[in-house]
Amino acid sequence: MPPRSDSRALLALPTTYAKELLGPLLSASTKLDIAKSALFYYLLVIYTRKAYWHLRARGVLASVKDVYVLVSQFVVRLVLRLPSMQQKVSTEMSKARLDIENKLVPKGPNVTRHLTLPEEGKPLEWIIAEMEKMDVELNGQKGIWNEGKLSGAVYHGGEDLQKIITTAYDRYCVSNPLHPDVFPAVRKMEAEIVAMVLKIYNAPASGVGVVTSGGTESIIMALKTYRDWARKTKGITEPEMIVPASAHAAFDKGAAYFNIKVHTIPVDRFTRKVDLKHVKRAINPNTILLVGSAINYPDGAEDDISGLSALADKYGLGLHVDCCLGSFIIAFLEPAGLANGDAKGKYKLSPFDFRLKGVTSISCDTHKYGFAPKGTSVIMYRTPELRRFQYYVNPGWTGGLYASPGLSGSRPGALIAGTWAVMQHIGYQELYVLGDPPASVVAFASKHPKVDALEVGDGMSRRGWHLAGVNQPPAVHIAVTRLTVPAVDAFIADLKDAVQEAKLAPSGKGTMVALYGLGESSAVGPEMVSEIATAFLDTLYKA
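It should be emphasised that the depicted structure is a prediction, and the values quoted were computed from it without experimental measurement. (Residues numbered from 1 in each chain as written. Predicted model: local features only at pLDDT ≥ 70, side-chain atom pairs only at ≥ 80, totals over all residues. Heavy atoms only, no water.)

A word on the packing of aromatic side chains
Working step 1: Applying the stated criterion across every chain, the model contains six aromatic pairs.
Working step 2: Both rings, one in Tyr201 and one in Phe352, keep their centres 6.0 Å apart while their planes meet at 85°; by these two values the pair is edge-to-face. Residue Tyr201 is found in the loop between α6 (184–200) and β1 (208–212), and its partner Phe352 is found in the loop between α11 (327–330) and β6 (361–364); the two are separated by 151 residues along the sequence. Like Phe352, Tyr201 is buried.
Working step 3: When the ring of Trp397 is compared with that of Tyr402, the centres are 6.0 Å apart and the planes differ by 90°; the resulting orientation is edge-to-face.
Working step 4: Aromatic rings pair up to connect Tyr392, Trp397 and Tyr402 into one cluster. (Phe/Tyr/Trp six-rings, centres within 6.5 Å; stacked < 30°, edge-to-face > 60°. Helix = DSSP H or I, 4+ residues; strand = E, 2+ residues; numbered from the N terminus. Buried < 20%, exposed > 50% of the residue type's maximum accessible area, 1.4 Å probe, protein only.)

What about the sheet that holds strand β4 (residues 287–293)?
Working step 1: An order of β1-β7-β6-β5-β4-β2-β3 is seen for the seven strands of this open sheet, with the pairing classed as mixed. Of all strands in the sheet, those with a lone pairing partner are β1 and β3 (261–265), marking the two edges. When the angles between neighbouring strand axes are averaged without regard to direction, this sheet yields 20°. (Pairing = 2+ DSSP bridges. Axes fitted to C-alpha atoms, helices over the stretch in contact; angles between N-to-C directions.)

A few points about the confidence of the model for the chain
Working step 1: Confidence along the chain averages 83 in pLDDT terms, with 85% of residues attaining 70 or more.
Working step 2: Note that residues 430–437 has pLDDT below 50 and, in this model, 21 contacts with residues that lie over four places away or in other chains. (pLDDT = per-residue confidence, 0-100. Contact = heavy atoms within 4.5 Å.)

Brief notes about the nonpolar core
Working step 1: In this structure, Val197, Tyr201, Leu290 and Met380 are the most contacted members of the largest nonpolar core, which totals 59 residues.
Working step 2: A per-element tally of this core places α6 first, with seven residues.
Working step 3: Not counting residues within four places of it along the chain, the set of residues in contact with Leu290 comprises Ile242, Val279, Ile283, Leu308, Leu311, Ala312, Leu317, Gly318, Leu319 and His320.
Working step 4: Core analysis: the second largest hydrophobic core is formed by 25 residues, Val210, Ala230, Val243 and Ala247 among them. (Core = buried A, V, L, I, M, F, W, Y, C linked by side-chain atoms within 4.5 Å.)

This is the structure we're talking about:
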């Protein structure tokens, strides 16, 4: 029997070999644990920082409300999965879809549907006759847009301007700015439109721009520009932007397209301007853009662009001013001597254009109060370096070099020609102001406990007016146009009658009451409204 010391030596020998063999594996396992821990703490820091930024931007109460809404939506969705509830919701949605269809799609034995190409081509006389027939197929009415009862929608400069537009359109109907060498006049006209609008908005000598298809494209192109600018110059890969609650929905649309997080900041309930202190709290290292409106769509108010400009300049951010609706009204209030408002200083216009150092881009719709043909707007930038981030260039395409300034490749040069022609015809001195400064938009809510503003809006609809319902608070707005002016007395008289009717005999069944009431009815109300809106879009393409 070996001595005890020898036994210990024999036992220690395999242990030593085991350590030598397994040591590298044990070391790798430890390293893996360290790597896992490091990744965990890294993600913890990242998401904690994001949560902190979000909490700063939204505030404690708003964040609690967000959580409440999410929980409520989850609970309501569970309830809606019950067969009885599914059947009820499906029935109501079917009724809503049918109601939309009945309002938009002509029906009956006298309605002709052109779903296939005709065997033989039709002459011009037949085409015009068929268009006249389609004009009255839906409700037997024709040309209701020129009665002055529309809120915005149609910005008509009169028969003379209409003739000028159609003449220019006819001359350049086949033109395409994608081929400037083939259509040099259209290229020149687009450049001159941009130059004229830049001057109206007091751009510096470095100012540049692009003609787009409308305000939405102008805004979306600006978002694309700032996203790419921030990625290139600041290395920001998770961009965020700060917009007033009253900003146009196109900002949310563009953010959804380009994966930009939106911080929506509330507006003051009385001034309707965005809360600058709240805007400042929302700024963080991922912020690329601030937004202000001059004027906004819901109630025609102007944000404090000077205050936003100071913040943008201080933090090195972009500032986009949405003047799509204000367009050629707000830009001419100061030259017309109306920027100071009334004797009490009410309706005073604040600075909003490129004279403010922090303003880096502005969108202006020429097809609104510029009376240009529908489908034209201008997006302006302070510098050509910034505009280059809007461009798309692909040198490696098998079809050759491809480059375009905006979303579209081919564009209707005829619309550019019509816009240029209108601007040349009106000139500078003949422009005039509509509505009460600084806005051409007037929104009215209700202080009376028994009067629902949306009920009033439905009452105006029954009287032939086409107004727009808005939210937060529930209200109705009218965008005053040239066609509205002759109908002002009729509008006031009908509005008085509609208010009285809403007070004494509210129906509770009108489109505004039903739609906007549904939106505020529960946590999933907005989803129900989205379903109805989707049905509306589907119906637009029903032949």
